[in-house]
Every structure is written in structure tokens, then in C-alpha cells.
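Here is how the chains run, residue by residue.
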Amino acid sequence: MSEEEKADRPIEPSDRVKVVQESAPGGAEEYRWHTGLNRPTGVPDAIEFIDVHKAFGRNKILKGLNLGLPEGKISMILGPSGTGKSVCIKHMVGLLYPDDGDVLVHGESVPNLRDEELFEMRKKFGVLFQDGALFGSMNLLDNVAFPLRQHTDKSEDEIMGIVNARLAEVGLTEAGDKMPNELSGGMRKRAGFARALVLDPDIVLFDEPDSGLDPVRTALLCELIQEIHEENGGAYTVITHDIMSARRVAEYIAVLWRGRIVEAGPAEELFNSDNDFVRQFLSGSAQGPLGME
Amino acid sequence: MARSVADRSIAPARDFFEQVGDMMILTGKTIVSAVRPPFPYGGEFILQFLFALRLCWFPLLISTVAFGYGAPGLQAANFLVLFGALDRLGGFFVLASIREFAPLVTAIVLAGVAGTAITADLGARKIREELDALQVLGVDPVKNLVVPRFLALMLVTGLFDIYALLFGIFGGILATLVYHAPLGPFWATFFTNASVTDLWGSILKCTCYGAIIAIVCCYKGMTASGGAAGVGRAVNQAVVISFLGIFAFNYVFTQTLLATHPEINVIR
Ligand SMILES: Nc1ncnc2c1ncn2[C@@H]1O[C@H](COP(=O)(O)OP(=O)(O)OP(=O)(O)O)[C@@H](O)[C@H]1O
Ligand SMILES: [Mg+2]
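Residue indices follow the written sequence of each chain, beginning from 1 at its first position. A letter from A marks each chain and a number from 1 marks each ligand, given out in the order of writing. Restriction of local features to residues with pLDDT of at least 70 applies here, the model being predicted, together with a cutoff of 80 or more for giving and counting side-chain atom pairs; totals for whole chains, interfaces and linings are based on all residues. Neither water nor hydrogens contribute to the side-chain values; these are computed over all heavy atoms in the structure.

**Considerations on the site of ligand 1**
Residues and elements named next belong to chain A.
Phase 1 of the analysis: All residues in the neighbourhood of ligand 1 are listed as Phe 56, Ile 61, Ser 81, Gly 82, Thr 83, Gly 84, Lys 85, Ser 86, Val 87, Gln 130, Glu 208 and His 241.
Phase 2 of the analysis: Distance and chemistry together define a polar contact, namely a pair of N or O atoms within 3.5 Å, with one atom able to donate a hydrogen and the other to accept it when in protein, and with adjacent residues in sequence counting only for side-chain atoms on both sides. The backbone of Thr 83 places a nitrogen or oxygen atom 3.3 Å from an oxygen atom of ligand 1.
Phase 3 of the analysis: Of the residues forming the shell around ligand 1, the biggest block, 3 residues, is contributed by helix H3 (residues 85–92).
Phase 4 of the analysis: Under this grouping Gly is polar, as are all residues other than the nonpolar Ala, Val, Leu, Ile, Met, Phe, Trp, Tyr, Cys and Pro and the charged Asp, Glu, Lys and Arg. The residue inventory of the shell around ligand 1, partitioned by class, reads 3 nonpolar, 7 polar and 2 charged. Consider each residue's heavy atoms; a residue with any of them within 4 Å of a molecule or strand counts as near. Here a helix means four or more residues in a row that DSSP labels H or I, a strand means two or more in a row labelled E, and each is numbered from the N terminus.

**So, the sheet that holds strand E2 (residues 45–56) of chain A**
Residue and element names in this part refer to chain A.
Phase 1 of the analysis: Reading across from one edge, E3-E2-E5-E6 is the order of the 4 strands in this open sheet, with antiparallel pairing throughout. Looking along the sheet, the strands with just one partner apiece sit at the ends: strand E3 (59–70) and strand E6 (108–109).
Phase 2 of the analysis: Two elements, strand E5 (residues 100–105) and E6, share 2 bridges in a ladder whose sense is antiparallel. From the neighbouring strand, Val 105 faces E6, where its bridge partner is Glu 108.
Phase 3 of the analysis: Any two residues whose heavy atoms approach within 4.5 Å are treated as being in contact. All axes are obtained by fitting lines to C-alpha atoms, using only the stretch in contact for helices, and the reported angles, taken between N-to-C directions, cover 0 to 180 degrees. Contacting E2, E3 and E5, H3 runs over the sheet at an angle of about 115° to E2. A pair of strands is labelled paired if DSSP reports no fewer than 2 bridges between them.

**Quick notes on the nonpolar core**
Residues and elements named next belong to chain A.
Phase 1 of the analysis: Note on terminology: a nonpolar core comprises buried Ala, Val, Leu, Ile, Met, Phe, Trp, Tyr and Cys residues joined through side-chain atoms within 4.5 Å. Exposed residues in this analysis have more than 50% of their type's maximum accessible area, buried residues have under 20%, and partly exposed residues fall in between, with area computed by a 1.4 Å probe over protein chains only. Residues Ile 47, Phe 49, Leu 65, Phe 125 and Leu 205 are the most contacted members of the largest nonpolar core, which totals 82 residues.
Phase 2 of the analysis: Leaving out residues up to four positions away in the same chain, Ile 47 has contacts with Leu 67, Gly 68, Leu 69, Met 92, Leu 104, Val 105, Phe 125, Ile 203 and Leu 205.
Phase 3 of the analysis: Ranked by size, the runner-up nonpolar core spans 50 residues in total, among them Trp 33, Leu 78, Val 262 and Val 278.

**What about the packing of helix H3 (residues 89–127) of chain B against helix H5 (residues 141–178) of chain B?**
Residues and elements named next belong to chain B.
Phase 1 of the analysis: Their axes nearest at 7 Å, the elements H3 and H5 cross at an angle of 145°. You can see that H3 and H5 cross each other, and the crossing is right-handed.
Phase 2 of the analysis: Of the residues assigned to the contact of H3 with H5, the class counts are 17 nonpolar, 6 polar and 4 charged. The hand of a helix crossing depends on one turn: near helix anticlockwise from the far one by less than a right angle means left-handed, and clockwise means right-handed.

**Focus on the coordination of the magnesium ion (ligand 2)**
Residues and elements named next belong to chain A.
Phase 1 of the analysis: Coordination sphere of the magnesium ion (ligand 2), protein contribution only: Ser 86 (OG) and Gln 130 (OE1), at 2.0 to 2.2 Å. With a gap of 44 residues between them, Ser 86 in helix H3 and Gln 130 in the loop between strand E7 (125–128) and helix H5 (140–151) connect regions that are remote in the sequence.
Phase 2 of the analysis: The exposure class of Ser 86 is partly exposed, given its relative accessible area of 22%.
Phase 3 of the analysis: By relative accessible area, which is 27% here, Gln 130 ends up partly exposed. In this description, a donor is an N, O or S atom within 2.8 Å of the metal centre, a cutoff extended to 3.2 Å for sodium, potassium and calcium. Water is not part of the atom list, which can make sites seem incomplete.

This is the structure:
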């Protein structure tokens, strides 16, 4: 027996046993709370996930996700940290492709679009990434003006007018000429928020717009989201960990866990759900099916 | 178990070839995207070009003079003095400096100085999701980020090759002077051996080195993952893969040039 094979030996069998033990009995228990119940909203879906599977190497993130986000409403995706909420957003804009299944935006299959069609489709979207994703080489004004310069032929005066109005909404009027690395995390978030909305997009995706903000600003931001949504309409999707925010602005809620939807539906119905997991999660209680693991 | 051992030893190799394949695809996309309108990359091209120029001119000057003087200069002179043939050093410098060392030293300095800067920059942007945001805003990263770096690095390496071979030869002159020999014979053997083929071969080769460095470094930057440590890893791998690529390409290029231009095989 070679050296390499000897070195392998102690690791191999135990490894194999562990994998078997994890998946076999877990399988029945793992999806106990996943009724996958999708209560009807009465409006068509702007974005649909159909049996989407996605793995990074061996790490399976989405395992047969079925989800519809209704047109013209503010939807919230809630779920424990690390379940793949951000991954979901990246599927919607074609930054990640599903291993299996399909993602539809206004009925068009995103993974099957050609490059030019995808670029065209992305113009519908305004996205706030989890870390703001501001361009480090530009100041805030240029960051927020970027989509306008890219996609419209407005004059520089018009652009600056819009940009200043957007920055004022999020309370960053003073900081317009600062570079992103001179700002706090919460300020970067708010600037990213302004940039996402500057084109009045049809579909807006916010990845945790409220994380890193103080409670008052969070409340104000929620109001802002509602106001802008009332003005512009469109399908808004907000990912958040903040139950207060969810109570304030959500019209539709989907709870994601272990790569699938536990339950989804209009907000009031979900807050009154009799599903133990949903109840635990939406009340932020330590008692219930979800532990630290 | 045998299977798992095989898997474990094959997996890294498969991973490596996959990456090489991806880099080939990126090269193709870059070239297509460079020639197909629109051309929004002019400004970035000039920035990158000046950036590489500013970063590299001094390290390259030191490296080429020191290398030309030390390695082919002193060593070869020491050897040639044995035969009383120090005048042949000029001819040797055509082989050594023009054909091999000038492009190689240029590539090494460019990869180490400009290439790493490119990987670190793109890697940091990837980690901060800036590249994702760009794509969502309808900006094609290949056209707007890779193409200008690709063209700028090719132009810079091509120009720097001439610069490097001039300073490399200056190193040879220094070596000759150190041996108290006159410079006349150095130039005489230099110019009987040098040909136009040597010059364009050197520049073409070095330009291709620039292309290899640009593609490898952009690819590694744009695929960085795993936070700040991931960017560090990407930079490290970019340099290693650039060098491997350059050495492999050098072999193919030299072999082809010698085969297609047999006259440069003759030492006069
Ligand atoms: N590009 C990637 N490569 C490899 N793994 C990834 C990648 N993106 C995400 N993951 C993995 O997918 C899982 C889900 O990530 P994701 O960022 O979607 O979580 P999340 O639900 O947004 O969590 P949080 O609420 O903390 O932001 C994580 O375990 C992460 O390690
Ligand atoms: Mg996330």
C-alpha cells in the first residue's frame, strides 16, 4: 500500500458514514415545517422561481425552490442567515444561473436569455446589493448618476437635479462629494438605495436595506420605500432580518429555509400562520424548530 | 478508495485545465468585444496605459541594466575571455538580450508590478460586488474592464521591450568596459548577428506576453472569491499562472521562429 493510500485511510470511512447519516434520517425531518403553502394573492407574479436548484460545489443552497413574487406589491423574503436569500436575488438578474429549474421575470426565462436580451432585461431592475456595491472609484454623486448616464440621454443638469433629490431623500445631501470608503456602512447602504431607485425601475430588489441603520433611520427608510412604491408601483422585493420592518411595509411574505419556501402569502395571513417555524421566525423567539445549527 | 485517491489527484488537474479553458474563452470574448462597436473603452485604455507606464518604467530600468550586466554580461564575458574572444559578447547579446532576456524581464516586471495591481483591483471590486452591480446596470465588464487592460498591457509590453533591450545592451556594454575591452568589436559582432527578424520577433513575443498577463490577471481578479484572503490568493495565483503561460508560450514561439526563419540560427 502506498503512502498516500495509508494517509487516506483514517479519513475515508468515517467521512462516508457521516454523509450517509446526515442525509438519510434528516430527509424526513428536514422539511417537516415546509408546507410550501402559497396562499393566493389574486395578482399575477412578476418573478417566479420554478423548482430551482443551485449548489456551489458540494454546498447545496437552493433545493427545489418554488416562489412567486406578485406584481405591484412589496414582497419580503425572510429567512435565517445563510439560507440563500442573496443567491435568490442574483438568480433574478441573471448573475447566477440555476443548476436546474427556471427563473421567470415577466414570463421570460432568465437563464435562457441571450447576452443582449439579458442586458436589455436588466434595465427593468433596480438592485441594492447587500454591501451597497458602490463603485469605489467614484464619489457618491457619480455613483448615483451612473445609471442615468448609462441608460438615458438626459442633460447633465437634469441628471444632477434627480441625483440631488434622491440623495436628499436618504439624507445624504452633504456627503455627495465623498468617496464610498469615507462613509459608514449605513451611509453606503442608503447611497446604494438611492442608486437603485434613480431610474424608477419596474422591479426593485433590496438586499437588507435596513441592516446597519439606526432604528429611526430604519423606520424612515421603510416609510420611504412605501412612498416610492405608491408613486411608481412595480414589484418590490425586500430582504430583511428586521421583523418590525416586515410588519410595517410587507404586503407579501415568503419564508425561506433550507433552500425551499416554508410558507408564503399575504402578510397578514403569514403573521397569523399556525406553522410553528413561521410563527417562531416572525416573532423572533428562541423557542421553536429553528436552533443555532 | 482507489477511486477517491484518483479523484483527489485528478481534481486539481481538472480544475486547472478548466481554468485554462475559461481563460481561452475570455481571450476570445475579449478580442471579439474589442473589435465590435461600440468602443466605450478609450478613456480606461489611456488610464491603464499610463498607469502601467508610470508603475513600471523605473523597476524595469533597474532590472534590465542589472540583469544585462550581471547575467549575460559578466558571466558570458568571463567565459569568452577564456578563449580570448570577448569581442563575441556583442553577438551573444543579440541572442541573449534581444531574443530572450528583454522580453522575459519585461514580462516578469509587468506581471509583478502591473499584473498584480490589475488582479488586486478587479478582485477587490468583485468581492465588494461592484462587478455584479456594473453588470446589472448594463455594463459589460469584458468590454469595459478587460478589453482596455488587454490592449494597454499589449502596447506597454511591446514598447517596454524596446526599452528593455536598449538597457539590457547597456548592461553588456558595462560588462565589456569592466573587462577593459574596447567597444568597437562588441558593436561589430552585435550588428553582424542582429537582424530585423530578431527585432520584430522580440517585440511580437513580448506583446503576446502582455496579452497573456492581461488575460490571466483579469480572469483571476474577476473570479476572486472568499473575501480579502481570496483576493490575496487570486493575486498569488495570477502571477504563478502568468509565468507558466509565458514560459510555455516562449517555448512554442521560439521553436516556431527558429523553424520558420532558419537564417537566424547561423552565428556569424
Ligand atoms: N459565489 C458563491 N460561491 C460559493 N458559495 C456561495 C456563493 N454565494 C453564496 N454562497 C453560499 O451560499 C449560501 C447562502 O448565501 P447567501 O448570501 O444567499 O445567504 P443569505 O440568505 O443572503 O444570508 P444573510 O442573511 O446572512 O445575508 C452561503 O452558505 C454562502 O456560503
Ligand atoms: Mg444576504
